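Working through the structure, step by step
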Amino acid sequence: METKMTLEEYNARKSRTYKMLMIFGMISIIMIFAGLTSAYVVSKSRPDWLNEFQLPNAFLWSTLAMLSSSVTFIFAQRNIKKGNHKNTSIMLWATFVLGCLFVFFQFKGFGQVIENGYFFTGSQSNVTTSFLYIVVLVHLAHLFGGFISLIVVIYNHYKQKYNAVQTLGIELSAMYWHFMDFIWVYLFLFFYFFK
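Before going into details, it helps to say that this report is about the structure given with it. A quick note: this is a predicted structure, and the numbers were derived from the prediction, not measured.

**Some thoughts on the overall build of the protein**
- Counting its secondary structure elements, the protein contains five helices and zero strands.
- Going from the N terminus to the C terminus, the protein shows its helices and strands as α-α-α-α-α.
- Across its three principal axes, the protein shows a C-alpha extent of roughly 70 × 45 × 25 Å.
- Here the protein, with 195 residues, has 43% of them falling under the buried criterion.
- When contacts within the protein are restricted to residue pairs at least 6 apart in sequence, long-range pairs at least 24 apart make up 83% of them.
- Taken as two groups, the 15 positive and 8 negative side-chain charges of the protein have centres that lie 7 Å from each other.

This is the structure in structure tokens:
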């Protein structure tokens, strides 16, 4: 006997499936960063390790920008559920701008490291700063996926594809964005306290 599923049941099943796939993707990203931070811990025993290295201030500012972008994304989700398209647009664009500000401060942080006489590659490089460089670039590469997702959400929002009951695209994008935020906060605290 064949049973037909209602539209609500179909959408609920689709939502669970996509969210589960997102969680599997996030687990693989966690494994990447767990491996990188584990290698960082093991490398601390090297004789050329810089114990006095301080993270530049720009990385703190980038952290604040990333945390703020997560807040604006939450407000975007709340506004779309209330049917407020104008405020949703404002919050989505604010998220995008804050994400760009995060990237700007990341590269400004790289510049500050170089200004302090530390290099990431070449004969004057050091394993400590090279680790910082690699981990931040890997995070930025994953965040690039978040930017693509956010641009798609903004485009779909202007095409009126989201409303109070249809928010799956925004939810998935927000899940990934908040996850990238969590990963960065973990990395920032790791580099700040584990010298």
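**Considering the pattern of salt bridges**
- In this structure the tally under the stated criterion is one salt bridge.
- A salt bridge links lysine 19 to glutamate 171; the shortest N-O distance between them is 2.6 Å. Separated by 152 residues along the polypeptide, lysine 19 in helix H1 (residues 7–43) and glutamate 171 in helix H5 (residues 168–193) bring together distant segments of the chain.
- Given a relative accessible area of 25%, lysine 19 falls into the partly exposed group.
- Look at glutamate 171 and you get buried, because its relative accessible area is 18%.

**Some details on helix H3 (residues 85–115)**
- Under the 1.5 Å per step criterion, the end-to-end length of H3 is 45 Å for 31 residues, consistent within 8% with the ideal 45 Å.
- Phi for glycine 117, located one or two positions after H3, is positive at around 90°.

**Details of the nonpolar core**
- By size, the foremost hydrophobic cluster in this structure holds 49 residues, and its most contacted members are Phe59, Phe73, Leu132, Leu143 and Met180.
- Elements represented by at least two residues in this core include exactly H1, helix H2 (57–81), H3, helix H4 (127–158) and H5.
- With 14 residues, H5 is the single largest residue contributor to this core.
- Leave out the neighbours within four places in its chain, and leucine 132 touches Phe53, Leu55, Phe59, Val113, Phe120 and Phe191.

**A closer look at the packing of aromatic side chains**
- The full count for this structure, using the stated rule, is 21 aromatic pairs.
- With centroids separated by 5.7 Å and ring planes inclined at 85°, the aromatic side chains of tyrosine 40 and phenylalanine 131 adopt a geometry described as edge-to-face. A residue pair is termed long-range when its members are at least 10 positions apart, and tyrosine 40 in helix H1 and phenylalanine 131 in helix H4 qualify at 91 residues. Each of the two residues, tyrosine 40 as well as phenylalanine 131, counts as buried.
- On the basis of an interplanar angle of 35° and a centroid distance of 6.0 Å, the ring pair of phenylalanine 59 and tryptophan 184 is categorised as tilted. Within this pair, whereas phenylalanine 59 is found in helix H2, its partner tryptophan 184 is found in helix H5, the two being separated by 125 residues in sequence.
- Classification of tryptophan 184 by relative accessible area gives buried; the value is 1%.
- Three or more aromatic residues link up through ring pairs in this structure, and these residues are Phe59, Phe102, Phe107, Phe110, Phe120, Tyr133 and Trp184.

**Structural notes on the packing of H2 against H4**
- Contact geometry for H2 and H4: axes closest at 14 Å, N-to-C directions at 25°. The angle between H2 and H4 falls in the class roughly parallel. Our pair here, H2 against H4, has a crossing hand that is left-handed. Contact residues: H2 offers Phe59, Met66, Phe73 and Ile80, while H4 offers Leu132, Val136, Leu143, Leu150 and His157.
- For the contact of H2 with H4, a count of residues per class yields eight nonpolar, one polar and no charged.

What counts as what
Residues numbered from 1 in each chain as written. Predicted model: local features only at pLDDT ≥ 70, side-chain atom pairs only at ≥ 80, totals over all residues. Heavy atoms only, no water. Helix = DSSP H or I, 4+ residues; strand = E, 2+ residues; numbered from the N terminus. Buried < 20%, exposed > 50% of the residue type's maximum accessible area, 1.4 Å probe, protein only. Contact = heavy atoms within 4.5 Å. Lys, Arg positive; Asp, Glu negative; His and termini not counted. Charge placed at Lys NZ, Arg CZ, Asp CG, Glu CD. Salt bridge = Lys/Arg side-chain N within 4 Å of Asp/Glu carboxyl O. Expected span 1.5 Å × (residues − 1). Core = buried A, V, L, I, M, F, W, Y, C linked by side-chain atoms within 4.5 Å. Phe/Tyr/Trp six-rings, centres within 6.5 Å; stacked < 30°, edge-to-face > 60°. Axes fitted to C-alpha atoms, helices over the stretch in contact; angles between N-to-C directions. Parallel < 35°, antiparallel > 145°, perpendicular 65-115°, else oblique. Left-handed = near helix turned anticlockwise from the far one by under 90°. Nonpolar A, V, L, I, M, F, W, Y, C, P; charged D, E, K, R; others polar.

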